[in-house]
Amino acid sequence: MEKDISHQKNRLLCHGCDDCCRYIAVEIDRPTAKSDYQNIIWFLLHKNVRVYIDWENDWLLEFVTPCKELDSQGLCKNYANRPGMCRDYNQKDCTKYNAKSAEKISFNCADDFKRYLKKKNIDWELKNQSTKSI
Ligand code: SF4
Ligand code: SF4
């Protein structure tokens, strides 16, 4: 798919779809220390959060949460003033027009990530953990 597309073509290609307005994903450092593993476990204990590794081996933290500018018809209420991130986003990279998913490995919950660490023989556990809840 060509990189630069007209506003009209963009609208046609996106017609009936609002997938990319329903989440944000931010790159995080690749975890290398116990404190990093603990942080990722903490992220994944929250609802609507996942962590994934993409095909470039970058680590991303994703929050599944719709943009406040999205209307009930799945259209942007402020399209003319949408942020640069939205302007730069291209169907070439999007979920609808790509058979290949963005993620190589996805962790949808803390247990997913713990299983991954165990498989890699990575020690993530804190010693002397209290069994008492606070
Ligand atoms: S996911 Fe793709 S087709 Fe859907 S709105 Fe975003 S850019 Fe358009
Ligand atoms: S500002 Fe508009 S185009 Fe950008 S994410 Fe929100 S609804 Fe989508």
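Look up: the structure comes first, before these words.
Below: a short report on this structure. (Residues numbered from 1 in each chain as written. Chains lettered and ligands numbered in written order. Predicted model: local features only at pLDDT ≥ 70, side-chain atom pairs only at ≥ 80, totals over all residues. Heavy atoms only, no water.)

**Overview of the sheet that holds strand β2 (residues 49-54)**
And then number 1: Ordered in space as β1-β3-β2-β4, the four strands form an open sheet in which the pairing is antiparallel. Bordering the open sheet on either side are β1 (24-28) and β4 (103-107), each of which pairs with just one other strand. Strand-to-strand twist across the sheet, computed as the mean angle between neighbouring axes with direction ignored, equals 30°.
And then number 2: Strands β1, β2, β3 (59-63) and β4 of the sheet are contacted by helix α2 (residues 34-44), whose axis makes an angle of about 130° with β2.
And then number 3: Seen against the sheet, helix α4 (residues 110-119) touches β2, β3 and β4 and runs at an angle of roughly 115° to β4. (Pairing = 2+ DSSP bridges. Helix = DSSP H or I, 4+ residues; strand = E, 2+ residues; numbered from the N terminus. Axes fitted to C-alpha atoms, helices over the stretch in contact; angles between N-to-C directions. Contact = heavy atoms within 4.5 Å.)

**Quick look at the site of ligand 2**
And then number 1: Residues in close proximity to ligand 2 include Cys21, Cys67, Glu69, Leu70, Cys76, Pro83 and Cys86, which together make up its full environment.
And then number 2: A per-class count over the shell around ligand 2 returns six nonpolar, no polar and one charged. (Near = heavy atom within 4 Å. Nonpolar A, V, L, I, M, F, W, Y, C, P; charged D, E, K, R; others polar.)

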